[in-house]
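Listed below are the residues making up each chain.
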Amino acid sequence: MKKLIIIPAFNESASIVRTVEEIRAQAPEFDYIVINDCSTDGTGKLCHQRGFHVIDLPLNLGIGGAVQTGYRYARDRGYDMAVQVDGDGQHDPMFLREMARELERDQADMVIGSRFLEKKGFQSSAIRRVGIRYFTRLIRLATGQTITDPTSGLRMVGKRAIALFAVHYPEDYPEPESVTAVLKKGWKVKEIPVIMRERKGGVSSISAKRSVYYMIKVTLAILIEWIRKEDEDEY
């Protein structure tokens, strides 16, 4: 099984070296690729100096475009599974082997690392937990399935989800929308408990000012996905 770790990175110079070195130490059976999303803080330079595997995007595409670049890389090189590990140090690679076992054993299309199944480690801020619960309910309404951590970026997918995401992937705040798309296809999504960590450096893309936009945009995207699928079922 060919396995790839996709590491989207925008201005993660404070944590990218530690993130990659930890992956190399704890998940050596995985290949990895850093997607440097036109960073301005030396992230790309650090990766090249260390000899990391890296793709330098010529323009800032945002998290969706960076991750989709990784899925296209995985598709074009015939990987059987791919997992997103953020460059900010929040995702612990010690869980990757278990995620891969679950994906293969249960023939799942997506395995999500959820911080809320056992409620250990960093649980995010109170206001973000409210938003996460909201998206859990909205996704349940749209798909009938319960995802406890729909905003988790620690997600592993199999080959047909790689092919899907290489072509169709949300531009920004993609996690809730993309898991909804997978569920609406009737594909299998599973969650396993993981421990998240606080980011080691950099700044989150979801600022206080962008939180309202985030909630509205993702809500509309999920509802559109829901309606689109219902329309298709009618024909």
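Everything numeric here is computed off the predicted structure, so don't read it as measured data.

Thresholds, definitions, all that
- Residues numbered from 1 in each chain as written.
- Predicted model: local features only at pLDDT ≥ 70, side-chain atom pairs only at ≥ 80, totals over all residues.
- Heavy atoms only, no water.
- pLDDT = per-residue confidence, 0-100.
- Contact = heavy atoms within 4.5 Å.
- Helix = DSSP H or I, 4+ residues; strand = E, 2+ residues; numbered from the N terminus.
- Buried < 20%, exposed > 50% of the residue type's maximum accessible area, 1.4 Å probe, protein only.
- Pairing = 2+ DSSP bridges.
- Axes fitted to C-alpha atoms, helices over the stretch in contact; angles between N-to-C directions.

Novice: What am I meant to see in the confidence of the model for the protein chain here?
Specialist: Any region with low pLDDT has predicted coordinates that should not be read closely. Mean pLDDT for the protein chain: 90, with 91% of residues reaching 70 or above. Long-range and interchain partners of residues 230–235, a stretch whose pLDDT sits below 50, account for zero contacts in this model, where long-range means more than four residues apart.

Novice: Can you help me understand the side chain of Asp-109 in this one?
Specialist: When you line up the elements, Asp-109 lands in the loop between α4 (96–105) and β5 (110–114). Of the residues examined, Asp-109 reaches a relative accessible area of 7% and is grouped as buried. Residues within four places of Asp-109 in sequence aside, it is in contact with Leu-103, Met-156, Val-157, Gly-158, Arg-160, Ala-161, Trp-187 and Lys-188.

Novice: What is the right way to read the sheet that holds strand β1 (residues 3–9) from this model?
Specialist: Pairing between the strands of a sheet is mediated by backbone hydrogen bonds and can be parallel or antiparallel. Ordered in space as β3-β2-β1-β4-β6-β5-β7, the seven strands form an open sheet in which the pairing is mixed. Edge positions in the sheet fall to β3 (54–56) and β7 (189–193), since each of these pairs with one other strand and no more. Mean inter-strand twist for the sheet, computed between neighbouring axes without regard to direction, equals 20°. Where β5 meets β7, five bridges bridge the pair, whose relative direction is parallel. Among the inter-strand pairings, Ser-114 is bridged to a residue of β7, identified as Pro-193. Packed on one face of the sheet, helix α1 (residues 16–26) meets β1 and β2 (31–36) and runs near 170° to β1.

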